[in-house]
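Residue-level structure breakdown
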Amino acid sequence: MLLRARRAVAFSAAVVAVTLAAAACGGTTKDSTDNASAGPASSASANPDAALKEGLKIAFLPKQVNNPYFTVADKGGEKAVTEFKGTYKEVGPSDASASSQVTYINTLTQQGQNGICISANDANAIVPALTQARQRGVKVVTYDSDAAVAGRDAFVNQANPEDLGRSEVQLLAKQIGEKGKIAILSATPNATNQNTWIEFMKDELKKYPGMQLVKVAYGNDDDQKSFQETQGLLQAYPDLKGIISPTTVGIAAAARYLSSSPYKGKVQLTGLGTPNQMRQYVKDGTVKQFELWDPAKLGYLCAYTAAALSSGQITGKEGEKFKAGELGEYTIGKDGAILLGPPQVFESTNIDQFNF
Ligand code: RAM
């Protein structure tokens, strides 16, 4: 398992998806086009023997700050930064919007941060600001949700996106006997990570002719909106059999709605959630199984990636290796992607073993 987790990603569909998206836009601005050559294929050479620098300033910029998932992820980042004697900070919007992220990127650049770990709210909208940051020497690593390849030095990918998308459909298929109407409750419409997973879900659904995807709804990673969207789905489709919510905010809100509704136990819910947010809904029978990776490890790996870039150990090219503290050695895969590892499935028999 661990070996698999540490193997280079031969192919990152998430990265390909955003590259295609960026290409389709034809370059949103002059900056983003100019920077195409400054992506992972940069000509600088890596020195794997370089010491990890002390005193590095590493900032975390999540999709949003009031989301327990990112609190855990960024705490993992803080732990890593403390280990290599750097300075950690976390800033970010309370809504999951790209425009507010741009303002934070510009401020972090002016402050002379050495590295930024960012979960992108939009693959392209933040690229001009990231380009400016990189032109001033800031190393940019995306984690959780990628930006266009030209906008960052590396991407720390939480799990193989194809496995993740397909496995969520498989979990639900098992729970509803492969029959009936289903819906997806996603995050924001522009979320790179969710959109990539949803594409694989749609492809996996082709194997289940008895299951019909009736709607992809967007709760915008806002608890209230996600709750209302769930209510709306059940009003529009009272015979709905299942919901997949590939967002920790969405699945928790949907579970809360279902648990106190007549649909409890009749409509199955799965997706990606944190064990702490989902525990009560597993115990009260609303949810049977869901999955996630360890967000703390994701943040931890991102911080070490930014530090390895800032120290010259790696440049973001495929095949380069570096050591990420207690997680051990990682190898950079295609398009500057680094894979954390396979996710964990949670259910009533194991959920109490996890505390995040
Ligand atoms: C939410 C965010 C995040 C995603 C998780 C699963 O917290 O949308 O980007 O990775 O869910």
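Residues numbered from 1 in each chain as written. Predicted model: local features only at pLDDT ≥ 70, side-chain atom pairs only at ≥ 80, totals over all residues. Heavy atoms only, no water.

The next subject is the overall build of the protein. A count of helices and strands for the protein gives twelve helices and 14 strands. In the protein, which comprises 356 residues, the share counted as buried stands at 56%. Relative to all contacts within the protein whose residues are 6 or more apart in sequence, the contacts with residues 24 or more apart total 75%. Accessible surface computed for the protein: about 14,000 Å², of which carbon and sulfur atoms make up 51%. (Helix = DSSP H or I, 4+ residues; strand = E, 2+ residues; numbered from the N terminus. Buried < 20%, exposed > 50% of the residue type's maximum accessible area, 1.4 Å probe, protein only. Contact = heavy atoms within 4.5 Å. Areas by Shrake-Rupley, 256 points an atom, 1.4 Å probe, with all protein chains shown as cover.)

With that out of the way, let us pick up the environment of Ser348. Among the structural elements, Ser348 can be located in the segment after strand 14 (344–346). A relative accessible area of 56% places Ser348 in the exposed class. Distance in space between the C-alpha atoms of Ser348 and Gly285 is 8.9 Å, their sequence separation being 63 residues. With near-sequence residues (within four places) excluded, Ser348 lies in contact with Val282 and Lys288.

Averaged over every residue, the pLDDT of the protein is 90; residues scoring 70 or more account for 88%. The model gives residues 1–41 a pLDDT under 50, and that stretch makes 81 contacts with residues more than four places away or in other chains. (pLDDT = per-residue confidence, 0-100.)

This paragraph deals with the packing of aromatic side chains. The tally for this structure, following the rule as stated, stands at 14 aromatic pairs. Geometrically, the ring pair formed by Tyr69 and Phe70 is edge-to-face, given 4.8 Å between the ring centres and 80° between the ring planes. Phe70 matches Tyr69 in its accessibility class, with the two residues each being buried. Both rings, one in Tyr300 and one in Tyr304, keep their centres 5.1 Å apart while their planes meet at 50°; by these two values the pair is tilted. A residue pair is termed a helical-turn pair when its members lie 3 or 4 positions apart in one helix, as Tyr300 and Tyr304 do in helix 12 (residues 295–310) at four residues. Like Tyr300, the residue Tyr304 is buried in the burial classification. Ring pairs connect the aromatic residues Phe60, Tyr69, Phe70, Tyr88, Tyr143, Trp197 and Trp293, which therefore count as one cluster. (Phe/Tyr/Trp six-rings, centres within 6.5 Å; stacked < 30°, edge-to-face > 60°.)

Orientation of helix 4 (residues 68–83) relative to helix 12, taken along the N-to-C sense of each, is 40°, at an axis distance of 6 Å. It follows from the interaxial angle that helix 4 and helix 12 lie oblique. Where helix 4 crosses over helix 12, the two elements pack in a sense that is right-handed. Two secondary-structure elements touch here, helix 4 through Tyr69, Val72, Ala73, Gly76, Gly77, Lys79, Ala80, Val81 and Glu83 and helix 12 through Pro295, Ala296, Leu298, Gly299, Tyr300, Ala303 and Tyr304. Looking at the contact of helix 4 with helix 12 residue by residue, the classes come out as eleven nonpolar, three polar and two charged. (Axes fitted to C-alpha atoms, helices over the stretch in contact; angles between N-to-C directions. Parallel < 35°, antiparallel > 145°, perpendicular 65-115°, else oblique. Left-handed = near helix turned anticlockwise from the far one by under 90°. Nonpolar A, V, L, I, M, F, W, Y, C, P; charged D, E, K, R; others polar.)

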